[in-house]
Amino acid sequence: MIELSKPLQVALLAAVAAGVLLLAWRGVTRVGDRGELEPRRPLVARIGIAIALVGGGLLALSILTPDVPPKSPGFLGLVRATLTTDPIKTAQALGGDVLTGILWLVIARVVRRPKVRTVARVLGLVFLLSSLAVGMLWVVVLPIHPILKWIILGVVTAAGVIYAVVGSLSVRKGLYRALLWWWGALVGVTFGVSAALTVRMPVSRLVSPSATEEVIRFTALVSSVVFLYFVLSALLPIILDALERRSFVPFVGARHVRASKSGFLTVIAVLSMAGVGVSSCALCSVTSIMGGFGADLKRKILGNNAHIVVDVPRSGGFGDWDDKLTRVRVALAPHGGAATPIVAGEAMGSSASNTAGALVRGIDPDTIGQVIDLLGNIEVGKFDYLRDPEKLTTLPPEEIIGRGPGGEPYFKGPDFRLPSDTDPSVRDYLKQQTRVYPGVIIGRELAKSLHVLVGDEVTLLSPMGELGPTGVMPRSRKFRVAAIFYSGMYEYDVTHAYVLMDEAQKFFSLEDKITHIDIRVPDPERVKEVRPSVEAAVAASADEEPPPDGKRPVELRVRDWMEMNRNLFSALKLEKIATFIILSIAIAVASFCIVCTLLLMVTEKGKEIAVLKALGASDRMVMRVFMLEGVIIGAIGTVYGVGTALAICTGLSWFGVRLDPDVYYIDRLPVNVNGADYAMVAVAAMLICTIATLYPARAASKLSPVEGLRYE
């Protein structure tokens, strides 16, 4: 979930306003102006009455019972326990019922047999009405603001009343289709309002969103996709009209697409568009989600690690690092990079109740913030406590020292060891007796493993100790937790611990040595351009350093993040390419429907093809007509599929969908909308669909006028 800039918000609202005006105008044009009337439609009236009764009944229930406790007895308590246990599965089930109902209504529209049409229509209405009733009941039991519930249920009730009235009267011809377009405009208004409310919601990971915010975000996501369908459906006839106003070939091709066909051929044509659309939507969505996970992983790795590391290939570190660090910083100055010294080593962390392994890193507090995002990742405590650990012994009662599983804060509270009526001199004496230990900043998961909060004592044990009677005795030292950070990477949060560099040098017996120099560059993707300058600076410092005691100087090595994480990112890239190829095969399979559609159309339109050829159309022109027809079918499916994926993925990246951080260790689904990937999918889909039109178009061009008109 991201924060939208003001220009992007204005552009989004302008696009929504343009789409609403287009749908409203489309509805106005559908209403006939010749005084023609349509007969009454009792089925529409009955459906409207059913919707009005469902919405009105649930609206009254919501007003009478504005709040349903989580474990309340009775029917509503049972419904809430059933529907809100897993909201994502409930939403998926409702979406599946809606799609099933729409599919049955489409079947009822295209089939010819009356009995089959009746059964399909009844099934479609049952699925839609039942999903509407369950969805509205879900809204009633959700812990959202009562006014929002009443608005949603009131709109549904008003819709039912409108259709009940319209279905019981003889209305002007085209009003039913006009109502459909106006409902699309209302969906656009809903999307604009919910999007405007969503961008004003907090996006901090420490703020736990309410159920009302989640409903608004879900409404914005769903309404954006539905609104896009309406807008594309309104633009489609305009585009086909523009094609018909061009030359002969576009005119005939567009007319063939819009012309009425037999029921079976209509189903095949719809399935052709749907197959291409679903395949391209799946390819774009999977690519965006995989790219989002890859980008999120890269961001966390680059935020918690150096982009370039200068170290030695053996343990023990290296000395005289001041001159090397200065040369590296001079080399980085033209590129705008930063460098900091680091002392790293492995240790065992121990508290009063548990132990865990840790990777201890000694840092320079003045420059560490220029290289990694440690300061921004601290969620409990303060970085200043690392500099001045004496403050940890006198934390104020309102200080937050930890957070619970749901993000609730834990406060320090009053110190009961020093009652308020204690003599001030005694209080000062007892405070002076409190030992001051160096500060340490640890990850959230490491704090959970050790069961410690800010201000608690932690003992670190180094494997490199002194030789004793029984062997090597590990060195131990006590620290006090100064802060707890959350980086978003479990591997870092469960192992990393940061202390001051001089404390780490004492702890690991490195004297004045360091283990490596961490470097950060402004653009990590161009790290290869900065690396030669760093290597030259390191080589120059090694050449000028006199060998101490005749020994060979320590050889430093330079590695960048691409080299250190090559296997991981290569696997992600290979997985993305393999997924693209596999789902492209799905588009190719969907294009077979286009071949079948065109071949059946050649058979059905044989007489028309013969007439065109008899009037002077050449084989090339007939071939271009059928190729254009297949391209139009593929383009419709591609636009709908890519547009749907763009709306869904953009909505997910803007508005976000929550995940369980205890399971996935991320609170939002990462989505990366890359325009180049979407363009590549669209081009690949259009190329596959174009290739699929070659054989049917050639078969149509070879049809003889005599054969086409022989039996007419």
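## Focus on the overall build of the chain
If you tally the helices and strands in the chain, you get 26 helices and 14 strands. Pairs at least 24 residues apart make up 78% of the contacts formed inside the chain by residues separated by at least 6 positions. Carbon and sulfur atoms make up 64% of the accessible area of the chain, which amounts to about 37,000 Å² in all.

## Description of unusual backbone geometry
A positive phi angle, near 60°, is found at His 451, a position not held by glycine. Inspection of the secondary structure assignment puts His 451 in the loop between α15 (444–450) and β10 (457–468). At Glu 511, a residue that is not glycine, the phi angle is positive and equals roughly 55°. Within the secondary structure layout, Glu 511 lies in the loop between α17 (501–507) and β13 (516–520).

## A look at the pairing of strand β9 (residues 439–443)
In terms of residue burial, β9 counts as a mostly covered element, since 5 of its 5 residues are buried. Bridging between β9 and strand β12 (residues 496–500) involves 2 bridges; their strand directions are antiparallel. The partner of Ile 441 across the bridge, within β12, is Tyr 498.

## With respect to a negative patch on the surface
Residues Asp 320, Asp 322, Glu 511 and Asp 512 make up a contiguous surface patch of negative charge. Turning to its location among the elements, Asp 322 is positioned in helix α11 (residues 321–332).

## Description of the packing of helix α22 (residues 619–655) against helix α25 (residues 694–701)
Taken N-terminus to C-terminus, the directions of α22 and α25 make an angle of 145°; their axes are 8 Å apart at the nearest point. As α22 packs across α25, the resulting crossing turns out to be right-handed. Mapping the contact onto sequence places Asp 619, Val 622, Met 623, Phe 626 and Met 627 in α22 and Leu 694, Ala 697, Arg 698, Ala 700 and Ser 701 in α25. Each residue belonging to the contact of α22 with α25 can be placed in one class, and the counts come to 7 nonpolar, 1 polar and 2 charged.

## Concerning the nonpolar core
Generally speaking, soluble globular proteins have nonpolar side chains that are buried together. In terms of nonpolar packing, the biggest core is built from 73 residues, with Ile 441, Ile 442, Ile 519 and Val 534 touching the most fellow members. Sequence-distant contacts of Ile 519, that is, excluding residues within four places in its chain, are made with Ala 306, His 307, Ile 308, Val 310, Val 328, Leu 332, Ala 338, Ala 339, Val 371 and Val 534. With 17 residues, the next largest nonpolar core counts Val 20, Leu 22, Ala 195 and Trp 654 among its residues.

## Description of the pattern of salt bridges
Tallied over the full model, the rule gives 22 salt bridges. Glu 457 is the salt-bridge partner of Lys 478, the closest N and O atoms lying 3.8 Å from each other. You can see Lys 478 sitting in strand β11 (residues 471–485) and its partner Glu 457 sitting in strand β10, a full 21 residues away along the chain. Overall, the relative accessible area of 37% leaves Lys 478 in the partly exposed class. We classify Glu 457 as partly exposed; its relative accessible area is 35%. Connected through shared salt-bridge partners, Lys 528, Arg 531, Glu 535, Asp 560 and Glu 563 make up one network.

## A look at the packing of helix α9 (residues 248–258) against α22
Between α9 and α22, the least distance of the axes is 8 Å, while the angle of their chain directions is 50°. The angle between α9 and α22 falls in the class oblique. In this structure, the crossing between α9 and α22 has a hand that is right-handed. Facing Phe 248, Val 249, Pro 250, Val 252, Gly 253, Ala 254, His 256 and Val 257 of α9, the residues of α22 in contact are Met 621, Arg 624, Val 625, Phe 626, Leu 628, Glu 629 and Ile 632. In terms of residue class, the contact of α9 with α22 is made up of 11 nonpolar, 2 polar and 2 charged.

## So, a nonpolar patch on the surface
A cluster of nonpolar side chains, namely Ile 63, Ile 147, Trp 150, Ile 151, Val 155, Leu 186, Val 189, Val 193 and Leu 197, defines an oily patch on the protein surface of about 760 Å² accessible area. Among the elements of the structure, α6 (146–167) and α7 (175–198) are those that each provide at least two residues to the nonpolar patch. On the accessibility criterion, Val 193 (48% relative accessible area) is partly exposed.

## Digging into the side chain of Glu 399
Here Glu 399 lies in the loop between α13 (384–387) and β7 (400–403). Notably, Glu 399 is buried but unbridged: the nearest opposite-charge side chain belongs to Lys 382, and the N-O separation is 4.5 Å. In this view, Glu 399 contacts Gly 381, Lys 382, Tyr 385, Tyr 410, Phe 411 and Lys 412; residues no more than four positions away in its chain are not counted.

## Some thoughts on the environment of Ser 509
Considering the arrangement of structural elements, one finds Ser 509 in the loop between α17 and β13. What makes Ser 509 partly exposed here is its relative accessible area of 42%. Along the sequence, Ser 509 and Ser 462 sit 47 residues apart, while their C-alpha atoms lie 9.7 Å from each other.

## Some remarks on the environment of Ile 308
Residue position: Ile 308 is located in strand β3 (residues 308–311). Once the C-alpha coordinates of Ile 308 and Ile 517 are considered, the two residues, 209 residues apart in sequence, prove to be 8.3 Å apart.

## Here's the deal with the environment of Val 20
Examined against the element boundaries, Val 20 turns out to sit in helix α1 (residues 6–30). For the pair Val 20 and Gly 188, spaced 168 residues apart in sequence, the C-alpha to C-alpha distance is 5.9 Å. Non-local contacts of Val 20, meaning those with residues more than four positions away in its chain, are made with Ala 185, Gly 188, Val 189 and Phe 227.

## Looking at α6
Compared with an ideal rise of 1.5 Å per residue, which puts 22 residues at 32 Å, α6 spans 31 Å between its outermost C-alpha atoms and is within 8% of the ideal. Inspection of α6 places Lys 149, Leu 153, Val 156, Thr 157, Ala 159, Gly 160, Ala 164, Val 166 and Gly 167 among the buried residues, and these make up the whole buried set.

## Observations concerning the packing of aromatic side chains
A ring pair, where both rings are aromatic, is described by two values, the distance of the centres and the angle of the planes. Taken as a whole, this structure holds 6 aromatic pairs when the rule is applied. Between Trp 181 and Phe 230, the ring centres sit 6.4 Å apart and the planes meet at 70°, which makes this aromatic pair edge-to-face. Of this pair, Trp 181 sits in helix α7 while Phe 230 sits in helix α8 (residues 211–244); the two residues are 49 residues apart in sequence, bridging distant segments of the chain. Assigned by exposure class, Trp 181 and Phe 230 land together as buried. The ring of Phe 569 is capped by Lys 298, whose NZ or CZ atom sits 5.6 Å from the centre of that ring. The aromatic ring of Tyr 486 is capped on one face by Arg 444, whose charged end is 3.8 Å from the ring centroid.

## Concerning the side chain of Asn 304
Its location among the elements puts Asn 304 in helix α10 (residues 263–304). In terms of polar contacts, Asn 304 uses its side chain to reach the backbone carbonyl oxygen of Lys 300, at 2.6 Å. Here the side chain of Asn 304 touches Asn 377 through a polar contact of 3.3 Å, side chain to side chain. Those residues within four positions of Asn 304 in sequence are excluded, and the remaining contacts are Ile 372, Asn 377, Ser 487, Tyr 492 and Tyr 498.

## Some words on the state of the cysteines
Summed over the entire model, instances satisfying the criterion amount to 0 disulfides. As a non-bridged cysteine, Cys 593 has Cys 596 as the owner of its nearest cysteine sulfur, 6.1 Å distant. Residue Cys 593 is classed as partly exposed on the basis of its relative accessible area, which comes to 29%.

Quick notes on the rules
- Residues numbered from 1 in each chain as written.
- Predicted model: local features only at pLDDT ≥ 70, side-chain atom pairs only at ≥ 80, totals over all residues.
- Heavy atoms only, no water.
- Helix = DSSP H or I, 4+ residues; strand = E, 2+ residues; numbered from the N terminus.
- Contact = heavy atoms within 4.5 Å.
- Areas by Shrake-Rupley, 256 points an atom, 1.4 Å probe, with all protein chains shown as cover.
- Buried < 20%, exposed > 50% of the residue type's maximum accessible area, 1.4 Å probe, protein only.
- Pairing = 2+ DSSP bridges.
- Patch = residues over 30% accessible without salt bridge, like charges linked within 9 Å, V, L, I, M, F, W, Y side chains within 5 Å.
- Salt bridge = Lys/Arg side-chain N within 4 Å of Asp/Glu carboxyl O.
- Lys, Arg positive; Asp, Glu negative; His and termini not counted.
- Charge placed at Lys NZ, Arg CZ, Asp CG, Glu CD.
- Axes fitted to C-alpha atoms, helices over the stretch in contact; angles between N-to-C directions.
- Left-handed = near helix turned anticlockwise from the far one by under 90°.
- Nonpolar A, V, L, I, M, F, W, Y, C, P; charged D, E, K, R; others polar.
- Core = buried A, V, L, I, M, F, W, Y, C linked by side-chain atoms within 4.5 Å.
- Parallel < 35°, antiparallel > 145°, perpendicular 65-115°, else oblique.
- Expected span 1.5 Å × (residues − 1).
- Phe/Tyr/Trp six-rings, centres within 6.5 Å; stacked < 30°, edge-to-face > 60°.
- Lys NZ or Arg CZ within 6 Å of the ring centre and 35° of its normal.
- Polar contact = N/O pair within 3.5 Å; in protein donor to acceptor, adjacent residues only side chain to side chain.
- Disulfide = S-S within 2.5 Å.

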